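# Chain and residue survey
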Number of protein chains: 2
Amino acid sequence: MAKPRVAVDAMGGDHAPQSIVEGSILAAETFGSELQVVLIGDEPAIRRHLSLADQTRLGIEVVHSSETIGMAEAAATAYRKKPDASIVVATRMLKARQVHALVSAGNTGAVVTSSLLGLGRLAGVQRPAIATIVPTPTGHCLLLDVGANSDSKPMHLFQFAVMGKVYAQQVYGVENPKVGLLNIGEESCKGSDLTQQAHKLLEEGRGQMNFIGNVEGKDILTGHADVVVCDGFTGNVILKFAESVVNMAVQTVRREIESHIKYKIGAGLLRPVFSGLKNKLNYEEYGGAPLLGVDGVVVISHGRSTAKAIMNAIRVGGTAARQGVAEKIGEELARELQRQEATG
Amino acid sequence: MAKPRVAVDAMGGDHAPQSIVEGSILAAETFGSELQVVLIGDEPAIRRHLSLADQTRLGIEVVHSSETIGMAEAAATAYRKKPDASIVVATRMLKARQVHALVSAGNTGAVVTSSLLGLGRLAGVQRPAIATIVPTPTGHCLLLDVGANSDSKPMHLFQFAVMGKVYAQQVYGVENPKVGLLNIGEESCKGSDLTQQAHKLLEEGRGQMNFIGNVEGKDILTGHADVVVCDGFTGNVILKFAESVVNMAVQTVRREIESHIKYKIGAGLLRPVFSGLKNKLNYEEYGGAPLLGVDGVVVISHGRSTAKAIMNAIRVGGTAARQGVAEKIGEELARELQRQEATG
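Bringing the overall build of chain A into the picture now. Within chain A, the regular secondary structure consists of 13 helices and 11 strands. When the backbone C-alpha atoms are referred to their principal axes, chain A occupies close to 60 × 60 × 40 Å. Total accessible area on chain A is roughly 13700 Å²; 51% of this is exposed by carbon and sulfur atoms. Considering chain A, the positive charge centre built from 35 side chains and the negative charge centre built from 35 side chains are found 3 Å apart.

This is the structure:
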């Protein structure tokens, strides 16, 4: 592939289109030699944030679409009623391979619905999954599913493992990713009916995958595993809980610091340490969560995405497209299906 | 009830019997006018940590038991094979009402098994639940189940709500506890099959309970709800994840602080702020997790419990016994069963 073209949903997100356009400018400035940014949305609104100088210098393309799906709209209805919504147009262009990746900070339900209906699932994929990156002392861990599904079956969890493995290899360059199954207790006999059955499937597929067995809630952040697989309910609860833990700790410390001049001085001295921690825990650095299992590269960014978060999401989208993540997930799952049929 | 007698499993926990005995001494010193401590375990080992002065002055009783269930032993087998294990003896004494509460930092599986088989469930209770206390800006939130069960049904979640409500009222003095259902998404139509059905049951029982609807992972720590109900798999994953978030943040900050003299000075100035945050997040302050739904007051402490954590667990056990928590849960569930039969 020459330079991958990354479609950016200019109308999705709490700060759209401003922070989306700003993030696109940052991405074009920083990664312009590696990818081409294509902004999709209300053209006059986009142009207001995109100076003529930017357009000429950075070569950002703009594709007009006349409709927008709001953050709180019911996804399926909105998809049906708004064929010219920015996310729907972006998905159509991805399907037609006019672009090679898609980034949206919009309504997550609408992105998932639009991807499922507009792109379809890869052959053999039973359920798509949203994967998120969590920081570990030595790097990252990919946690999936974090909310594409509310109920999962053992085979879904097995496929999440395969998809996560391919993504960690292709986008994060982890050669032989360690894959763990999120469970309560480490022994293989432990867990819910779902995790016990998924454990069995993953054991059987161990030849194709570096399955390290069960991991617990406390292991997600330690780096024990490169990929941690769970059902979308559990994953979504953890993701949202994690965000709130960080917020609560920051608020508590900040309130205390304000209460005494001595603390203010101490906090001043420690500012770089706090920023370092904040960066480590900051979703902005990780560039959004890929939707895996659909026929194309789709990156979902946080609704509150800043320009920096959008820039990183565009970078991730470009990398995933260049590495052919979707195709490789399809190939790997096809091999798995053959193996399962052969063994039985 | 006169002074409740609280049985303490002297042999359970990573630092047993030393920290258990020390915690019992602290409890007797601090709450001796409100409760009576009864240490159960290997008498010579207990006496080594309990000076004669302590015994006379504090009136701590010691009941000898000859066996111990290890932290990693399979619970059901251990229960059957070791009738004189400290936790089994303690449960038997609770059943016979020779003591009124039981505290153990031992093997959680063994405590649950011993309670289920030795005490039995309260009439009408389908499944017991372990409840844990999490800190919120304005107080606490009770989260249950955090691991007594690995698979749950809608009616189990409903009963957890009733049990959590009674506990919050009786032990934390919350008059009309706000009860939330942990879910992905706030709308009542959202969630897994399990949570959708549980939502319906909780809606129907709203007259008996201040059910505030779905809460998300991010709401657990905010204090939106006084009681948050979830299945034991999700709850256990969150609990273990939460512990690791705090540890990771502390380690990261500590490593950074060591790297520069300026940071060390800043950290020195901020020491009271850090201790405050640590205390807020510290399980030691909250005194262990009650096992609700069994016929007696059982408090499970963290395996790593310090003396202070044991002291607080003993206090909680005493309060729960004095307030008749188990009996009140039984009465409330009986009323609920009548209502459900009447409405049909």
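Taking 1.5 Å of rise per residue, the 27 residues of helix H9 (residues 232-258) of chain A would be expected to cover 39 Å, and the 39 Å separating its terminal C-alpha atoms lies within 8% of that figure. Its side-chain oxygen at 3.1 Å from the backbone nitrogen of Phe 233 of chain A, Asp 231 of chain A defines the N-terminal cap of H9 of chain A.

A few words now on the domain arrangement of chain A. Residues and elements named next belong to chain A. Per the domain assignment, the segments making up chain A are domain 1 (1-125 + 293-324) and domain 2 (128-285). Counting residues at the interface gives 21 residues for domain 1, matched by 11 residues for domain 2. Carbon and sulfur atoms make up 57% of the area that domain 1 and domain 2 hide from each other, which totals about 1400 Å². Of all residues in domain 1, His 302, Lys 308 and Gln 323 give up the largest surface area on contact with domain 2, accounting jointly for 27% of the area buried on that side. Applying the counting rule to domain 1 against domain 2 returns 1 salt bridge. Between Glu 243 and Arg 304 there is a salt bridge; the shortest N-O distance is 3.9 Å. Seen at the junction of domain 1 and domain 2, the total is 3 residue pairs in polar contact (both at pLDDT 80 or more). Secondary-structure elements contributing two or more residues to the side of domain 1 that touches domain 2 are helix H6 (108-118) and helix H12 (307-322). Per-element tally for the side of domain 1 that touches domain 2: the top contributor is H12, with 7 residues. When the residues that make up the side of domain 1 that touches domain 2 are grouped by side-chain class, the tally is 8 nonpolar, 9 polar and 4 charged.

We now examine the interface of chain B and chain A. Taken residue by residue, the interface counts 47 residues in chain B and 47 residues in chain A. When chain B packs against chain A, close to 4300 Å² is buried across both sides, 80% of that on carbon and sulfur atoms. When residues of chain B are sorted by the area they lose upon contact with chain A, Phe 233, Phe 241 and Met 248 of chain B head the list and together hold 16% of the total. One salt bridge connects Lys 240 of chain A with Glu 216 of chain B, and the closest N-O pair in it is separated by 2.4 Å. For the pair chain B and chain A, the number of links is 6 residue pairs in polar contact (both at pLDDT 80 or more). Broken down by secondary-structure element, the contributors of at least two residues to the side of chain B that touches chain A are helix H8 (193-204), helix H9 (232-258), helix H10 (261-269) and helix H11 (271-281) of chain B. Considering only residue class, the side of chain B that touches chain A consists of 25 nonpolar, 13 polar and 9 charged.

Put simply, side chains in a regular strand alternate between the two faces of the sheet. All names here are of chain A. The alternating pattern of strand S4 (residues 101-104) places Ala 101 and Val 103 and Leu 102 and Ser 104 on opposite faces, both of which are buried. Across 3 bridges, the pairing between strand S1 (residues 5-9) and S4 is parallel. Note on S4: the bridge partner recorded for Val 8 is Val 103. With 4 bridges joining them, S4 and strand S11 (residues 297-300) adopt parallel strand pairing. Of the residues in S11, the one forming a bridge with Leu 102 is Val 298.

With that settled, consider the sheet that holds S11 of chain A. All names here are of chain A. If you walk across this open sheet you meet the 11 strands as S3-S2-S1-S4-S11-S10-S5-S6-S9-S7-S8, and the pairing is mixed. Both outer strands of the open sheet, strand S3 (61-64) and strand S8 (210-215), are each paired with one neighbouring strand and no more. The sheet shows a mean angle of 25 degrees between the axes of neighbouring strands, taken without regard to direction.

The pair of chain copies shares a relation made of a rotation about an axis and a shift along it. When chain B is brought onto chain A, the operation consists of a screw motion whose angular component is 180 degrees and whose axial shift is 0.0 Å, with 0.1 Å RMSD remaining. Here the copies are linked by what is in effect a two-fold axis. Identified as the residue of chain B closest to the rotation axis by C-alpha distance is Gly 266 of chain B, at 1.9 Å.

With that out of the way, let us pick up the confidence of the model for chain A. On average, chain A scores 91 in pLDDT, and the residues at 70 or more come to 97%. On the interface metric, ipTM, the complex scores 0.90, and its pTM is 0.92.

The next thing to look at is the pattern of salt bridges. Residues and elements named next belong to chain A. With the rule as written, the count across this model stands at 35 salt bridges over all chains. For Asp 295, the salt bridge identified is with Arg 97, shortest N-O distance 3.2 Å. Of this pair, Asp 295 sits in the loop between strand S10 (289-292) and S11 while Arg 97 sits in the loop between helix H5 (86-95) and S4, and the two are 198 residues apart along the sequence. The exposure class assigned to Asp 295 is partly exposed, which follows from its relative accessible area of 24%.

Before going further, it helps to examine the nonpolar core. Counting residues in hydrophobic clusters, the biggest one holds 87 residues, and the most contacted among them are Leu 182, Phe 241 and Val 298 of chain A together with Leu 182 and Val 298 of chain B. It is H9 of chain B that contributes the most residues to this core, 7 residues altogether. With near-sequence residues (within four places) excluded, Leu 182 of chain B lies in contact with Phe 233 and Val 237 of chain A together with Thr 195, Val 215, Glu 216, Gly 217, Ile 220, Val 228, Val 229, Cys 230, Thr 234 and Ile 238 of chain B. Within the second largest apolar cluster, 62 residues are counted, among which are Val 103, Ala 129, Val 166 and Ala 168 of chain A.

So, about the side chain of Thr 195 of chain A. Residue and element names in this part refer to chain A. Locating Thr 195 in the fold gives a position in helix H8 (residues 193-204). According to the relative accessible area criterion, Thr 195 is buried, its value standing at 2%. Within the structure, the side chain of Thr 195 is placed 2.9 Å from the backbone nitrogen of Ser 192, a separation counted as a polar contact.

Thresholds, definitions, all that
- Residues numbered from 1 in each chain as written.
- Chains lettered and ligands numbered in written order.
- Predicted model: local features only at pLDDT ≥ 70, side-chain atom pairs only at ≥ 80, totals over all residues.
- Heavy atoms only, no water.
- Helix = DSSP H or I, 4+ residues; strand = E, 2+ residues; numbered from the N terminus.
- Areas by Shrake-Rupley, 256 points an atom, 1.4 Å probe, with all protein chains shown as cover.
- Lys, Arg positive; Asp, Glu negative; His and termini not counted.
- Charge placed at Lys NZ, Arg CZ, Asp CG, Glu CD.
- Expected span 1.5 Å × (residues − 1).
- Polar contact = N/O pair within 3.5 Å; in protein donor to acceptor, adjacent residues only side chain to side chain.
- Domains from an automatic or database assignment.
- Contact = heavy atoms within 4.5 Å.
- Buried area = accessible area lost by both parts, 1.4 Å probe.
- Salt bridge = Lys/Arg side-chain N within 4 Å of Asp/Glu carboxyl O.
- Nonpolar A, V, L, I, M, F, W, Y, C, P; charged D, E, K, R; others polar.
- Buried < 20%, exposed > 50% of the residue type's maximum accessible area, 1.4 Å probe, protein only.
- Pairing = 2+ DSSP bridges.
- Axes fitted to C-alpha atoms, helices over the stretch in contact; angles between N-to-C directions.
- Least-squares fit on C-alpha atoms with pLDDT ≥ 70 in both.
- pLDDT = per-residue confidence, 0-100.
- Core = buried A, V, L, I, M, F, W, Y, C linked by side-chain atoms within 4.5 Å.

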